[in-house]
Amino acid sequence: MASAFDFDLFVIGGGSGGVRAARMAAQRGARVALAETLGTDGLGGTCVNVGCIPKKLYSYAAHYAESFHESAGFGWEGPAPTLNWGTLKANRAQEISRLNGVYSNLLGGSGVTVFNGFARIDGEHAITLATLNVDGTPGHQHFTAKNILIATGGTPFVPHFKGREHVITSNEVFDLEPFPQRLLVVGGGYIACEFASIFNGLGSTVTQLYRGEQVLRGFDNEVRHFVAGEMIKSGVDLRLNVDVVDIQKTDEGLKVECEGGNVITVDAVLYATGRVPNVKGLGLESVGVAQGGQGEVVVNASYQTNVPHIYAVGDVTNRVQLTPVALGEAMVVVDQLFGPAAGKAPRDMSYNFIPTAVFTHPNIGTVGFGEEKAREEFGAITVFRSEFKALRHTLSGSSERTLMKLIVDTATDCVVGLHMVGPDAGEIVQGFAVAMKAGATKAVFDSTIGIHPTAAEEFVTMREPVRS
């Protein structure tokens, strides 16, 4: 019997969550379409095009500068290399293009129909796709779908102030021309701190302004203060409790007036002041999809909106803004709508002990509760802490230090928070996140043999609590 709809699932958004949902639904035998709504970005969304992947590549590039400098302590001699900004940009663009192709092939191989256009929801089962005709004139196509999935992600937020038109966001920073010898970063979240570290490492003179009392709000307080100190040591001019009043373009550069009357002249101003759900033009209001204060799509535990057959996953719901979370949510929706893969149970999504990394210099890796939140949640806790100079830096000449911290629920002995600031923190913390999801206790940590000599072994050798 022929279906009354053109598609079983129409996915709006070609980012990580959207691509995963489309591909896996098609593999279940569903008729699936996907519309990419991110303008000039290719498939893969923010993460692949202007987020996680290019950011990590630039972070690697910045670390090479540190490594070359530190190599003298290990006997390496010779002139210091210089950065070819054009080569870095070109190689990054080539890799992103390759990844766009990988995503396209995955969708095509699964039988997903991919549309290059902006999709608008016109009803519980109706989508209008705005496209360009061959002659460049605008065109429209109309489709119906049994289910619609919104996976349009987020977009950078820049507040309104005088001179706003002169700033850039994380969408444009990767292709700045020329390389900014003087960069101002405004913001105190992980994106701001990462780009401040990256461009400082690449050779910019970096000033970072944040209107709050300390960067990385929401992270463990000790981690926040520690990484801020390390960033300052590395050369970032971090200024707290300061905001921008006005930006003017002059012959000498961008003249930035700050609160208190201080003036900074720079080549570029990067605003990393948060992200908001990417919902403009989707037609949510016209069909009655409930939205929150920042425009986020409101969903229930099954990622279903208040309008039947319309779902949403990922950053557009403004809950946990992480690529792996969007992937997990997408799989829950697919299993609900089309059944799990053969021999598998339906997916469930847990938001407990989600590990994350911040690619500042040095890196942050964290999973579970910060000390302050743990006290609120569990009452009695025991805190273990270690700070040291890594073995590498005994010869490198660097003053960088490493911080490692465990937070234990005293009543159960379960490790409920694990935090690290230091090289490869994300790589190290990922493995410990598995143990914490499994309910590992401090006694289990203590009975585990460490790998010597590594920084990671410190997590299983801390014996004396620093406070309760």
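Before reading on, note that the structure itself is shown above.
Our subject in this report is the structure included herewith. (Residues numbered from 1 in each chain as written. Predicted model: local features only at pLDDT ≥ 70, side-chain atom pairs only at ≥ 80, totals over all residues. Heavy atoms only, no water.)

### Brief notes about a nonpolar patch on the surface
Thinking step 1. On the surface, Tyr60, Tyr64 and Phe68 cluster together to form a nonpolar patch covering roughly 360 Å² of accessible area.
Thinking step 2. With respect to the helices and strands, the residue tyrosine 60 is situated in helix 3 (residues 52-70).
Thinking step 3. Given the relative accessible area of 43%, tyrosine 60 is considered partly exposed. (Patch = residues over 30% accessible without salt bridge, like charges linked within 9 Å, V, L, I, M, F, W, Y side chains within 5 Å. Areas by Shrake-Rupley, 256 points an atom, 1.4 Å probe, with all protein chains shown as cover. Salt bridge = Lys/Arg side-chain N within 4 Å of Asp/Glu carboxyl O. Helix = DSSP H or I, 4+ residues; strand = E, 2+ residues; numbered from the N terminus. Buried < 20%, exposed > 50% of the residue type's maximum accessible area, 1.4 Å probe, protein only.)

### Here we look at the packing of helix 3 against helix 4 (residues 85-110)
The packing of two helices is summarised by the inter-axis angle and the distance between the axes.
Thinking step 1. With their axes 10 Å apart at the nearest point, helix 3 and helix 4 run at an angle of 145° to one another. When you trace helix 3 past helix 4, the crossing you get is right-handed. Across the interface between the two elements, Ile53, Pro54, Leu57, Tyr58 and Ala61 of helix 3 pack against Trp85, Leu88, Lys89, Arg92, Glu95, Ile96 and Leu99 of helix 4.
Thinking step 2. Tallied by class, residues from the contact of helix 3 with helix 4 come to nine nonpolar, no polar and three charged. (Axes fitted to C-alpha atoms, helices over the stretch in contact; angles between N-to-C directions. Left-handed = near helix turned anticlockwise from the far one by under 90°. Contact = heavy atoms within 4.5 Å. Nonpolar A, V, L, I, M, F, W, Y, C, P; charged D, E, K, R; others polar.)

### Comments concerning the packing of helix 3 against helix 5 (residues 190-202)
Thinking step 1. Packing of helix 3 against helix 5 brings their axes to within 7 Å, and their N-to-C directions diverge by 40°. In terms of orientation, helix 3 and helix 5 fall into the oblique class. For the pair helix 3 and helix 5, the sense of crossing is left-handed. Contacts between helix 3 and helix 5 involve Lys55, Tyr58, Ser59, Ala61, Ala62 and Ala65 on the former and, on the latter, Tyr190, Glu194, Phe195, Ile198, Gly201 and Leu202.
Thinking step 2. Across the contact of helix 3 with helix 5, the residue classes break down as eight nonpolar, two polar and two charged. (Parallel < 35°, antiparallel > 145°, perpendicular 65-115°, else oblique.)

### Looking at the pairing of strand 20 (residues 402-409)
Thinking step 1. Extensive coverage of strand 20 is indicated by the burial of eight of its eight residues.
Thinking step 2. A two-sided burial pattern is seen for strand 20, the buried positions comprising Thr402, Met404, Leu406 and Val408 on one face and Leu403, Lys405, Ile407 and Asp409 on the other.
Thinking step 3. As paired strands, strand 19 (residues 381-388) and strand 20 are joined by eight bridges and run antiparallel to one another. Residue pairing for strand 20: arginine 385 is matched across the bridge by lysine 405.
Thinking step 4. Hairpin connection from strand 20 to strand 21 (residues 415-421): five residues lie between these consecutive antiparallel strands, with aspartate 413 at a positive phi of about 70°. (Pairing = 2+ DSSP bridges.)

### With respect to the environment of lysine 255
Thinking step 1. One can find lysine 255 in strand 12 (residues 253-258).
Thinking step 2. Residues lysine 255 and histidine 419, 164 residues apart in the sequence, show an inter-C-alpha distance of 39 Å.
Thinking step 3. With sequence-adjacent residues up to four places away left out, lysine 255 is seen in contact with Asp246, Ile247, Gln248, Thr250, Val263, Ile264 and Thr265.

### What about the sheet that holds strand 20?
Thinking step 1. Reading across from one edge, 17-18-21-20-19 is the order of the five strands in this open sheet, with antiparallel pairing throughout. Here the strands that pair on one side only, and so sit at the sheet edges, are strand 17 (356-358) and strand 19. Pairs of neighbouring strands in the sheet enclose a mean axial angle of 10°, with direction left out of account.
Thinking step 2. Each of strand 18 (364-368), strand 19, strand 20 and strand 21 is contacted by helix 6 (residues 221-234), which is oriented at about 180° to strand 20, the strand it contacts most.
Thinking step 3. Contacts between helix 9 (residues 371-378) and the sheet are confined to strand 19, strand 20 and strand 21, with strand 19 contributing the most and set at about 165° to the helix.

### With respect to unusual backbone geometry
Thinking step 1. Residue proline 362 is bonded to the preceding histidine 361 through a cis peptide linkage, with omega at 5°.
Thinking step 2. That bond from histidine 452 to proline 453 is cis: its omega, -5°, falls within 30 degrees of zero.
Thinking step 3. If you trace the backbone, proline 453 turns up in the segment after helix 12 (442-447).
Thinking step 4. The backbone phi angle of leucine 216 is positive, close to 60°, even though this residue is not glycine.
Thinking step 5. Here tyrosine 303, not a glycine, exhibits a phi torsion of approximately 65°, which is positive.
Thinking step 6. Residue position: tyrosine 303 is located in the loop between helix 7 (284-287) and strand 16 (310-312).

### So, helix 8 (residues 323-338)
Thinking step 1. Spanning 16 residues, helix 8 covers 23 Å between terminal C-alpha atoms, matching the ideal 22 Å at 1.5 Å per step.
Thinking step 2. The set of residues buried in helix 8 consists of Val325, Ala326, Gly328, Glu329, Ala330, Met331, Val332, Val333, Val334 and Asp335.
Thinking step 3. If you follow the buried residues of helix 8, they end up packed against helix 1 (16-27) and strand 16. (Expected span 1.5 Å × (residues − 1).)

### Focus on the sheet that holds strand 11 (residues 244-250)
What holds strands together in a sheet is hydrogen bonding between their backbones, with the strands either parallel or antiparallel.
Thinking step 1. Spatial strand order, 11-12-13: three strands in an open sheet with antiparallel pairing. Of all the strands in the sheet, just strand 11 and strand 13 (263-266) have a single pairing partner and so form its edges. Pairs of neighbouring strands in the sheet enclose a mean axial angle of 20°, with direction left out of account.
Thinking step 2. Bridge count for strand 12 against strand 13 is four bridges, and the pairing is antiparallel. Each bridged residue has a counterpart across the sheet, and for valine 256 the counterpart in strand 13 is isoleucine 264.

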